[in-house]
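Here's the letter readout for the chains.
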Amino acid sequence: MEKAAASLSELPQLKKVLVVGSGGRENALAWAIAKSQEVEKVYVAPGNGGTQDQLTCHRLDIQESNHEEIIQACISLQINLVVVGGEKPLAAGLADQLRAAGLVVFGPGEQGAQLESSKNWSKDLMKEANIPTAKYWSASTEKEAQDLLSKINKPLVVKADGLAAGKGVTICSSIKETREAIKESFSGKFGEAGAKLVLEECLQGPEVSIFALSDGETLEILPTAQDHKRLLDGDQGPNTGGMGAYAPTTMLSKKDLERVKNDILLPTLYALRKKNINYRGVIYAGLMLTKDGPQVIEFNCRFGDPECQALMPLMSSDFAKVLQAAAMGRLKSAPKLKASPLKSACIVATAYGYPENPRKGDLISIKLNNFQHSPIQLFHSGTKITEEGKLLTSGGRVLSIVSQGDSYNEAFEIAYKAMNQINFHGINYRQDIGYQVRNKDK
Ligand code: AMP
Ligand code: GLY
C-alpha cells in the first residue's frame, strides 16, 4: 500500500489541461478530465458551441492546424498536459512540436501516428509483428493495382493509403466494382491520400473498437465499444463518421480481451518500440470478429468518435491522472483505471444533407430541463454560437446525447427521450443504435 501511495505522489500536479480539437470526442474528453479533483481548468482549442457549457471548460480560439499558436498558448497558460484529440494534428507532428517545447502530451508523434495516417505503413507493421489482419497488396500506380487485381481475380476492399476522413475505403462486391474503385482512387479524388493504395481481402463479422492507452512501455485497456458507421437504421445507407455507439460491448469476454491484448495490442506496441517509436497515446484497434478469430481492420492513433462520448461517462475521476501518467511514460505510477459497471448509450444527431453535403446554419433548440436528474450528457460537435448567442449547426455531426443505466435498455431509453427534446431543421438520427444489445438484457 505504502509503495503505491508513494509512486502515485510522484506524478506532478495537474491543474491546467488543453484538449486540441473541435468535435464531440474532444468535448467528452474535456468533460471527463474536468472531473478530476486536481484539475482547475480545461481549455479546448478550438472547441465548439458547447465547450463553454461544460464545467470549468473554456474555448481557445485557435485552430488545431495552428501549431505555433497552440504552443505559445500552452506556455503562457502554463498547461500541465495537452491531449490531442484528432488524427490530423497528430499526423502533422503537433505532439512532437509540443514535446520539443517541453510540454507533456498525450498523443503520438508523427512517426507513431502513421498507424493511422498510412495504411501501407500500418499493414507492414502488422505483418512484421504477425498480427492477425486481412491479406493485403500495396500499389503505387493504377496499372500496378489493376495488374494485381487481374492476378488475384476476386473482389477486394480498396483503401486509399492516407487520411481521407473515413471516405477512402470501398468494399467491392465484384471484380468490375474493384476495377472502378481502383480507378477512382487514383483519379485524384482523395488528393495526396490516394497517391498509393492498399488492396485487401474482404473479411466478415461484427466490428468492435478497442482503446488501449499506451505510455510507450505498457498498456491500459478501456472497456470495448461499438460504433454504427452507416447513416440509416438497419445498417443501411452510406458510411459516416459514426452515428452512435455503446459501451461496453458483450462481444468479447474477459478472456477474449486478454487474448486481444497479448496477440494484437502488445505486439503492436513492441513493433512500434522496435522502430524506436515512443508511443504515448491511444492505440485504437478496429477489430472484426471473424470465424477465425479477431482480425485488425484498421489502427487509429486517437479515440474514436462517437465511441469516446459513450466511454467517457464510464471513467472514474482519476481518468485525467491516467492520461497524464501515460503522457509521461509512467502508467505504472497511475491510479488504477476504474470503469463504471453501468452501460452507456450514445446517439448522434446529424445535419440535413449529411454525409455528402451537410447544411450549416440551422437553429438548434434544446429542451433538457426535465432531465436535470437523469444521467445524461450532451456533447456538441458541429455547433457554434453566434455573437447574439444563438446556437447553430455548423458541421455534419451536430451533437450527441449520452446516457447510462443498469441495462442497455435503460440507457438507450433515456438517451432517446432526451434526443426527442432536441430539434433543428433536417435533424437526423438513427432509431436503432444499440440494436445488438437492446432487448437482450438479462
Ligand atoms: P477503415 O477506414 O480501414 O476503418 O475502413 C472503414 C470500414 O470499412 C471498416 O470499419 C469496415 O467496416 C470496412 N472494412 C475495412 N476493411 C475491411 C476488410 N478488409 N473487410 C471487410 N470490411 C472492411
Ligand atoms: N468511430 C470511428 C472513428 O472514430 O474512426
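See the structure printed just above.
Cut-offs and rules
Each chain carries its own residue numbering, running from 1 in the written order of its sequence. Following the order in which they are written, the chains are lettered starting with A and the ligands numbered starting with 1. The model is predicted, so local features are restricted to residues of pLDDT at least 70 and side-chain atom pairs to those at 80 or more, both for listing and for counting; the totals for chains, interfaces and linings are taken over all residues. Note that the side-chain values use all heavy atoms of the structure and ignore hydrogens as well as water. Proximity criterion: a residue is near a molecule or strand once any of its heavy atoms comes within 4 Å of it. N or O atoms closer than or at 3.5 Å make up a polar contact, with two conditions inside protein: a donor-capable atom paired with an acceptor-capable one, and, for residues adjacent in sequence, both atoms drawn from side chains. Residue-level accessible areas treat just the shown protein chains as cover; the underlying method is Shrake-Rupley with a 1.4 Å probe. Under the DSSP-based scheme used, a helix requires at least four consecutive residues in state H or I and a strand at least two consecutive residues in state E, with every element numbered from the N terminus. Here the nonpolar group is Ala, Val, Leu, Ile, Met, Phe, Trp, Tyr, Cys and Pro; Asp, Glu, Lys and Arg are the charged ones; every other residue, Gly included, is treated as polar. Note on exposure labels: buried denotes an accessible area under 20% of the residue type's maximum, exposed denotes more than 50%, and partly exposed covers the range between, all computed with a 1.4 Å probe on protein chains only. What makes two residues a contact is simply this: any of their non-hydrogen atoms within 4.5 Å. Criterion used throughout: strands pair if DSSP finds at least two bridges between them. To obtain an axis, a line is fitted to C-alpha atoms, over the contacting stretch when the element is a helix, and the angle between two such axes runs from 0 to 180 degrees between their N-to-C directions. Stacked, tilted and edge-to-face are the three classes assigned to paired rings of Phe, Tyr and Trp, where Trp is represented by its six-membered ring and a pair needs centres within 6.5 Å; plane angles under 30 degrees give stacked, over 60 edge-to-face, the rest tilted. The set of buried Ala, Val, Leu, Ile, Met, Phe, Trp, Tyr and Cys residues whose side-chain atoms join them within 4.5 Å is what this entry labels a nonpolar core.

A.B. asks: So what exactly am I meant to see when it comes to the site of ligand 1 here?
C.D. replies: Around ligand 1, the structure places 15 residues, and the nearest of them are Glu200, Glu201, Leu203, Glu207 and Glu298. Between ligand 1 and Lys159, the relevant distance is 3.0 Å, taken from a nitrogen atom to a side-chain nitrogen or oxygen of the residue. The backbone of Glu201 places a nitrogen or oxygen atom 2.9 Å from a nitrogen atom of ligand 1. In the complex, the protein chains occlude 91% of the 470 Å² of accessible area that ligand 1 would expose alone. Secondary structure elements with two or more residues in the shell around ligand 1: strand E7 (157-160), strand E8 (169-171) and strand E17 (293-300). A breakdown of the residues in the shell around ligand 1 according to their chemical character gives 8 nonpolar, no polar and 7 charged.

A.B. asks: Would you mind showing me how to read the environment of Gly162 here?
C.D. replies: In this structure, Gly162 sits in the loop between E7 and E8. Overall, the relative accessible area of 15% leaves Gly162 in the buried class. Separated by 42 residues in sequence, Gly162 and Gln204 place their C-alpha atoms 23 Å apart. Once residues lying within four places of it in the same chain are set aside, the contact partners of Gly162 are Ser117 and Ala193.

A.B. asks: Sorry, what's going on with the sheet that holds strand E4 (residues 81-84) here?
C.D. replies: As a general point, the strands of a sheet are linked pairwise by backbone hydrogen bonds and lie either parallel or antiparallel. Across the sheet, 5 strands lie side by side as E3-E2-E1-E4-E5; this open sheet has parallel pairing. Looking at strand neighbours, the two that pair on one side only are strand E3 (57-59) and strand E5 (105-106), the edges of this open sheet. Sheet topology places strand E1 (residues 16-21) next to E4; 4 bridges connect them, and they run parallel. Opposite Val20, over in E4, you have Val84 as the bridge partner. Relative to E1, helix H2 (residues 24-34) is tilted by about 170 degrees, and along the sheet it contacts E1, strand E2 (41-46), E3 and E4. Helix H3 (residues 67-77) rests against E1, E2 and E4 of the sheet, and its axis sits at about 165 degrees to E1.

A.B. asks: Help me understand the site of ligand 2, please; the structure alone is not making it clear to me.
C.D. replies: For ligand 2, the full set of nearby residues is Asp227, Gly241, Tyr284, Asn300, Arg302, Gly304, Asp305, Pro306 and Glu307. Within the side chain of Asp227, an N or O atom sits 2.8 Å from a nitrogen atom of ligand 2. Contacts to ligand 2 include Glu307, whose side-chain N or O atom sits 2.7 Å from a nitrogen atom. Expressed as a share of its isolated accessible area of 200 Å², the protein-covered part of ligand 2 is 89%. Grouping the constituent residues of the shell around ligand 2 by class yields 2 nonpolar, 3 polar and 4 charged.

A.B. asks: Please clarify how the sheet that holds strand E16 (residues 280-290) should be interpreted in this entry.
C.D. replies: Taken in spatial order, the 4 strands line up as E11-E10-E16-E17 in an open sheet, and their pairing is antiparallel. The open sheet terminates on both sides in strands that have one partner only, identified here as strand E11 (219-221) and E17. Each adjacent strand pair in this sheet contributes to an overall mean axis angle of 35 degrees, direction not counted. The pairing of E16 with E17 spans 7 bridges and is antiparallel. Directly across from Thr290, in E17, lies its bridge partner Gly293. Contacts between helix H10 (residues 254-274) and the sheet are confined to strand E10 (207-215), E11, E16 and E17, with E11 contributing the most and set at about 145 degrees to the helix. Contacts from helix H12 (residues 319-327) reach E10 and E16, with the element oriented near 65 degrees to E10.

A.B. asks: Explanation requested: the packing of aromatic side chains in the structure shown.
C.D. replies: When we look at a pair of aromatic rings, we describe it by the centre distance and by the angle of the planes. For the structure on display, the rule yields 8 aromatic pairs. Taken together, the ring pairs connect Phe106, Phe211, Tyr284, Phe303 and Phe319 into an aromatic cluster.

A.B. asks: Looking at this model, I keep getting lost on the nonpolar core. Mind explaining?
C.D. replies: Formed by 47 residues in total, the largest nonpolar core has its most connected members in Leu18, Leu98 and Leu265. The next biggest cluster of nonpolar side chains, apart from the first, holds 46 residues, and it includes Ala28, Leu311, Phe319 and Cys346.

A.B. asks: I would appreciate a short explanation of the environment of Lys229 in the present structure.
C.D. replies: Mapping Lys229 onto the fold places it in the loop between strand E12 (226-227) and strand E13 (230-232). A relative accessible area of 32% places Lys229 in the partly exposed class. C-alpha of Lys229 to C-alpha of Lys338: the two residues are 109 residues apart in sequence and 28 Å apart in space.

A.B. asks: In this structure, what is going on with the pairing of strand E23 (residues 397-405)? I would like to understand it.
C.D. replies: If a strand is regular, its side chains alternate between the two faces of the sheet. Counting buried positions along E23 yields 9 of 9 residues, so the element is predominantly enclosed. With 8 bridges joining them, strand E18 (residues 343-350) and E23 adopt antiparallel strand pairing. Note on E23: the bridge partner recorded for Thr350 is Arg397.

A.B. asks: Help me understand unusual backbone geometry in this model?
C.D. replies: Glycine aside, the phi torsion of most residues is negative, and most peptide linkages are trans. The amide bond that connects Ala45 to the next residue, Pro46, takes the cis arrangement and shows omega of 0 degrees. With respect to the element layout, Pro46 can be found in strand E2. Along the chain, Tyr354 connects to Pro355 via a cis peptide bond; the corresponding omega equals 5 degrees. Looking at the element boundaries, Pro355 is found in the loop between E18 and strand E19 (365-366). Phi at Asn130 takes a positive value of approximately 60 degrees, unusual for a residue other than glycine. Mapped onto the fold, Asn130 is located in the loop between helix H7 (119-128) and strand E6 (136-139).

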